[in-house]
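# Working through the structure, step by step
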Protein chains: 6
Amino acid sequence: MKAMFPGSFHPPTLGHMDIIRRAAGMFEKLYVAILINQEKQYLISADARKAMFEKCLGDLDNVEVVTGTGLTVDLARQLGCDFLVRGVRDASDYAYELKLADINRTLSGVDTLFLPARPEISSVASSIVMDIARHGGDISPFVPTEIKDDILSAIK
Amino acid sequence: MKAMFPGSFHPPTLGHMDIIRRAAGMFEKLYVAILINQEKQYLISADARKAMFEKCLGDLDNVEVVTGTGLTVDLARQLGCDFLVRGVRDASDYAYELKLADINRTLSGVDTLFLPARPEISSVASSIVMDIARHGGDISPFVPTEIKDDILSAIK
Amino acid sequence: MKAMFPGSFHPPTLGHMDIIRRAAGMFEKLYVAILINQEKQYLISADARKAMFEKCLGDLDNVEVVTGTGLTVDLARQLGCDFLVRGVRDASDYAYELKLADINRTLSGVDTLFLPARPEISSVASSIVMDIARHGGDISPFVPTEIKDDILSAIK
Amino acid sequence: MKAMFPGSFHPPTLGHMDIIRRAAGMFEKLYVAILINQEKQYLISADARKAMFEKCLGDLDNVEVVTGTGLTVDLARQLGCDFLVRGVRDASDYAYELKLADINRTLSGVDTLFLPARPEISSVASSIVMDIARHGGDISPFVPTEIKDDILSAIK
Amino acid sequence: MKAMFPGSFHPPTLGHMDIIRRAAGMFEKLYVAILINQEKQYLISADARKAMFEKCLGDLDNVEVVTGTGLTVDLARQLGCDFLVRGVRDASDYAYELKLADINRTLSGVDTLFLPARPEISSVASSIVMDIARHGGDISPFVPTEIKDDILSAIK
Amino acid sequence: MKAMFPGSFHPPTLGHMDIIRRAAGMFEKLYVAILINQEKQYLISADARKAMFEKCLGDLDNVEVVTGTGLTVDLARQLGCDFLVRGVRDASDYAYELKLADINRTLSGVDTLFLPARPEISSVASSIVMDIARHGGDISPFVPTEIKDDILSAIK
């Protein structure tokens, strides 16, 4: 069984790492897919985000980081994945994810499973990390130690 | 009793059509009102969206499609409508709609009634349809057959 | 068009009266249906609740109060109603009502429309009124003046 | 990887069957665990519910139905399961399930993954099925054909 | 300024202790009020719960534990409190608490302020602690060490 | 005890004034902090918003209006505040605020308390007021009388 964990991961957070480690234990192969919206501009390039993940996840043999454009489910099918994995922080996240999962299953037959965020990191979101970093706040409690400086350098 | 079903309908979806058909059975006259936000740019013009509705709703004698700018309730009053009709997909939609309904009643005395989306199409939203179409995905499960090609042409 | 407003109304509140008055303006005929769950015991009998409604709604010619057992949609069909009307106080109410509406449409084809509670009385619920009354609190802000003493007498 | 799908399943519904079939494709072994709350009385015995599942799931070689008392996570550990599987119908379900999942992980290290209910059956709940059945309504749209009569017999 | 933290606290949890310590820093005097619903039976007596709080909160000079029957706001007024304090674990808790706060302000003028539960203990609820304890599970992660054995003795 | 009520207040509404008056009764000193996002453009300058507040709050001796850039918690610490105060309109607001409160406590130790919006003004939001004003609607029910004309002048 192969699965894909899609997102923009701008930047990766402790929450993402936790979902990846838990999901990696469930599937033969887990792709972490950095989806690129070509209408957006990113402070941290997709390649830089890919490198950040690889720095943190080197010990997980069955995890591979890829980048892609286009529809999430098209990439999932290309990679032979029957499942998408999504972390869910709270019920309002879930309301949104539920609709997306249904659309994705209708489009492609690819199913989605959800892993609940661990409560102690359930408030962390990439957008908040970016906001804190831009204002000179301390992002240490929210991102992996290995990539903290990479994030700070990238947004300068 | 006259009612108005306001929205941006960019583009019309199966969800919109379902609400219109159900509401048309409740009121003497139902206006479908395409509201134009003059600060936004639309890939599909309001007139094109109007034409899409008319293609699908020709069998409903008491439904009329109009376009308008300005406040929703001002248009409702001009058209002699005492009620707004809104489709609601889930509880998070409702949280937003509830506040809007209250503001609208305070501004104008126009009341709002809600029809729940049918579950099998409750995940469909115009913004998602646009996103799928732009990435070359199949929008057939989400929009009326009659206007599928019109939508695809409009966004090219 | 006929509609039915079902509930246990134990006791009727200002919230119920507001929904009834707004819905009565939309339909040719509105039935207020006091549904009796035969496994429950009620401090206020269904007939007493019916009398309370009639005391408050005498000026509305197209409203009739009935009592019933069994499934809500069976009663609706017997009365020739195509619509159920429900008041919704907030998004958590709606999450519950949405599922019920879907079940009811599947069972019978009877559709449900929702009216949002007016914010200034959106916190009122029959169960809270009963709780306040039993502890000697003042229920005046929550129920129609005409039936306040009837409620207090009934629960002694 | 083994997983457990716990519940009271009183009675099993189409929603449960859908979750089981989707989860069975993800795990080497899936236990469907009928948890018995010894302070409750059940109209349908746990053994009868077990028989109902077995009637419907005979084609799934890696699914086994068990009954148990006590804490869900204790049973999961006895069965060698690292994951609980739960179906989630909407955001209000999720709010509850999220807290339970966290408690269960704290108690035992057993993780929980969520599968979203398919929209067209997302309003179905065992308690509503029981309510409809008791009032002589038609439960066919909500339960597997094979066990419809078993359910109706059991609650007479 | 005096405030009251009302609840049933059956039993007290780490979540309650956290709210009390944070609220005690905001007010001159904080009453922890164990409200007794005379229609319920409690496995742990109100006096036993009061003793549990006193065991844990001895270092807080401005906190006093009381028991009461009747309406929460009546007790608050008797004690000279202008504010109720409530801990809120998540949005679904809040939906309920918001309505209660509004009813209480209408009844008495007493205002309510909310403190968010700390995420790492936001899944803990008294009812779940009781459930775990009754099934022989380990309640240590959810209740203060000082009262763990008192809780276990009380429910035997 | 000092507290800070942060926001963009673009423009101030009756909802903000209500929260300020209630919070001012709880703390020795309350700062109303207009936070400036330097990436946004504002129709009403921060100084103009400050002047609007001062026009309405002159009778409250312990309230001071300040403007700031940067992280909310940095400003709170500079001003010696241990608490942030936030008004919460409904459960979906709360879901967002809860995560922010947790992030802020992690960053700085500054705690957040929530006051529920009064129901009769709980639908009012600055963004809706701006939208109504721009379309020539009547904003009187939503903003303090003293500043209505200032708002209308500012956005012309």
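See above for the structure.
Figured I'd write up the structure that's included with this text. Since this is a predicted model, take the numbers as computed values, not measurements.

### Looking at the relation of the copies chain E and chain D
Between the two chain copies there is a screw-like relation: a rotation about an axis and a shift along it. Its rotation angle being 120°, the transformation that places chain E on chain D also includes 0.0 Å of axial translation and leaves an RMSD of 0.0 Å. The relationship between the two copies is best expressed as a three-fold rotation axis. Scanning chain E for the C-alpha nearest the rotation axis identifies S92 of chain E, at a separation of 4.2 Å.

### Observations regarding unusual backbone geometry
Residues and elements named next belong to chain A. In this chain, H10 is followed by P11 through a cis amide linkage whose omega measures 5°. As for its position among the elements, P11 is in the loop between β1 (2-7) and α1 (14-24). Residue F9 is not a glycine yet carries a positive backbone phi of 50°. Assignment of secondary structure puts F9 in the loop between β1 and α1. Taking relative accessible area as the criterion, F9 reaches 3% and is therefore assigned buried.

### Side note on the arrangement of the chains
Between chain A and chain C there is no contact, and the shortest C-alpha to C-alpha distance separating them is 11 Å. Here chain D and chain F are not in contact; the least distance found between their C-alpha atoms is 11 Å.

### Remarks on the pairing of strand β4 (residues 83-88) of chain F
Residue and element names in this part refer to chain F. Pairing of strand β1 (residues 2-7) with β4, which is carried by 2 bridges, proceeds in the parallel orientation. Looking at β4, one finds that M4 is bridged to L84. The pairing of β4 with strand β5 (residues 111-116) spans 6 bridges and is parallel. Looking at β5, one finds that L84 is bridged to T112. Between β4 and its parallel partner β5, the chain crosses via helix α4 (residues 91-108), and the hand of that crossover is right-handed.

### So, the interface of chain E and chain D
Contact with chain E, which involves 16 residues of that partner, is made by 10 residues of chain D. Interface of chain E and chain D: buried area, both sides summed, is about 1,100 Å²; carbon and sulfur atoms make up 67% of it. Interface area lost by chain E to chain D is led by S123, H135 and F142 of chain E, which between them contribute 42%. Linking chain E with chain D are 2 salt bridges, by the criterion used here. The interface formed by chain E and chain D contains 2 residue pairs in polar contact (both at pLDDT 80 or more). Elements supplying a minimum of two residues to the side of chain E that touches chain D: α4 (91-108) and α5 (126-134) of chain E. Counting residues per element, the side of chain E that touches chain D draws most heavily on α5 of chain E, which supplies 4 residues. Per-class residue counts for the side of chain E that touches chain D are 5 nonpolar, 5 polar and 6 charged.

### Describing the interface of chain B and chain C
Taken together, the 25 residues of chain B in the interface contact 25 residues of chain C. Contact between chain B and chain C buries roughly 1,900 Å² in total, counting both sides, with carbon and sulfur atoms accounting for 64%. There are 2 salt bridges connecting chain B and chain C. Here D111 of chain C and R22 of chain B are joined by a salt bridge, their closest N and O atoms 2.8 Å apart.

### Quick word on the relation of the copies chain B and chain C
The two copies are related by a screw motion: chain B maps onto chain C through a turn of 180° and a shift of 0.0 Å along the axis, at an RMSD of 0.0 Å. Taken together, the turn and the small shift mark the pair as related by a two-fold rotation axis. Comparing contact sets, 100% of the residues at the interface of chain B also lie at the interface in chain C, consistent with an isologous, same-surface contact.

### What about the side chain of S123 of chain A?
Here S123 of chain A is to be found in the loop between β5 (111-116) and α5 (126-134). Polar side-chain contacts of S123 of chain A include one of 2.7 Å to the side chain of D102 of chain F. Among residues more than four places away in sequence, those in contact with S123 of chain A are R89 and I128 of chain A together with K99, D102 and I103 of chain F.

### Here's the deal with the nonpolar core
Counting residues in hydrophobic clusters, the biggest one holds 109 residues, and the most contacted among them are V85 and L113 of chain A together with V85 and L113 of chain D. Counting residues in each nonpolar core, the second largest holds 108 residues, with M4 of chain B, V66 of chain D together with F83 and V129 of chain E among its members.

### Observations regarding the packing of aromatic side chains
This model, assessed by the stated rule, comprises 27 aromatic pairs over all chains. Arranged with centres 5.0 Å apart and planes meeting at 85°, the rings of F9 of chain B and F53 of chain B form a pair that is edge-to-face. Of this pair, F9 of chain B sits in the loop between β1 (2-7) and α1 (14-24) while F53 of chain B is found in helix α2 (residues 46-56), placing the two residues 44 residues apart along the sequence. For the pair F9 of chain B and F53 of chain B, one class covers both residues: buried. Each residue in the set Y94 and F114 of chain A together with Y94 and F114 of chain D is aromatic and connected to the rest through ring pairs, giving one cluster. Over the ring of Y42 of chain A we find R49 of chain A, and its NZ or CZ is 4.5 Å from the ring centre.

### Considerations on helix α4 (residues 91-108) of chain A
Residues and elements named next belong to chain A. Taking 1.5 Å as the rise per residue, α4 with 18 residues should run 26 Å; its terminal C-alpha atoms sit 25 Å apart, in good agreement. Of all 18 residues making up α4, 14 are buried, and the element is well covered by its neighbours. Looking one or two places after α4, you find G109, whose phi comes out positive at around 80°.

### Considerations on the environment of S122 of chain C
Assignment of secondary structure puts S122 of chain C in the loop between β5 (111-116) and α5 (126-134). A relative accessible area of 14% means that S122 of chain C is categorised as buried. For the pair formed by S122 of chain C and V32 of chain C, sequence separation is 90 residues and the distance between their alpha carbons is 20 Å. For S122 of chain C, the contacting residues outside a window of four places in its chain are R89 and A117 of chain C together with K99 of chain E. Polar contacts involving the side chain of S122 of chain C include one to the main-chain carbonyl oxygen of P119 of chain C, which spans 3.0 Å.

### Section: the pattern of salt bridges
Across all of its chains, the model carries 90 salt bridges over all chains by this definition. The salt bridge involving K55 of chain C is made with D150 of chain C; its shortest N-O contact spans 2.7 Å. Of the two residues, K55 of chain C sits in helix α2 (residues 46-56) while D150 of chain C sits in helix α6 (residues 145-154), which places them 95 residues apart along the sequence. Among the charged side chains, a network of salt bridges with common partners joins D18 and R22 of chain A together with D102, R105 and D111 of chain D.

Parameters at a glance
Each chain has its residues counted from 1, following the order in which its sequence is written. For this description, chains carry letters from A and ligands carry numbers from 1, given in the order in which they are written. With pLDDT at 70 or above as the cut-off, local features in this predicted model cover only qualifying residues; side-chain atom pairs require 80 or more to be listed or tallied, and sums for whole chains, interfaces and linings still use all residues. Only hydrogens and water are set aside; all other atoms, that is, all heavy atoms of the structure, feed into the side-chain values. Residues below a pLDDT of 70 in either copy are left out; the C-alpha atoms of the rest, at least 70 in both, set the least-squares superposition of the copies. Each helix is a run of H or I in the DSSP string that is no shorter than four residues. Each strand is a run of E no shorter than two, and both are numbered from the N terminus. The classification of residues rests on relative accessible area computed with a 1.4 Å probe and restricted to protein chains. Under 20% of the type maximum is buried, over 50% is exposed, and intermediate values are partly exposed. For this analysis, residues touch if any pair of their heavy atoms sits within 4.5 Å. Paired strands, as defined in this entry, are two strands with at least two bridges between them according to DSSP. When the strands point away from the viewer and the connection leading from the first strand across the helix to the second strand turns clockwise, the crossover is called right-handed. In this description, buried area is defined as the sum, over both parts, of the accessible area (probe of 1.4 Å) that is lost when the two are combined. Definition used for salt bridges: Asp or Glu carboxyl oxygen within 4 Å of a side-chain nitrogen of Lys or Arg. The definition of a polar contact used here is a pair of N or O atoms within 3.5 Å, where within protein one atom must be able to donate a hydrogen and the other to accept one, and adjacent residues in sequence count solely through side-chain atom pairs. When residues are grouped by polarity, Ala, Val, Leu, Ile, Met, Phe, Trp, Tyr, Cys and Pro land in nonpolar, Asp, Glu, Lys and Arg in charged, and all others, Gly among them, in polar. The criterion is simple. A nonpolar core is a set of buried Ala, Val, Leu, Ile, Met, Phe, Trp, Tyr and Cys residues joined through side-chain atoms within 4.5 Å. Only rings of Phe, Tyr and Trp enter the pairing, Trp through its six-membered ring, and a pair is recorded when the two centres are within 6.5 Å. The plane angle decides the type: under 30 degrees is stacked, over 60 is edge-to-face, the rest tilted. Definition used: whenever NZ (Lys) or CZ (Arg) falls within 6 Å of the ring centre and also within 35 degrees of the ring normal, the charge is taken to sit over that ring. Working rule for helices: expected span equals 1.5 Å times residues minus one.

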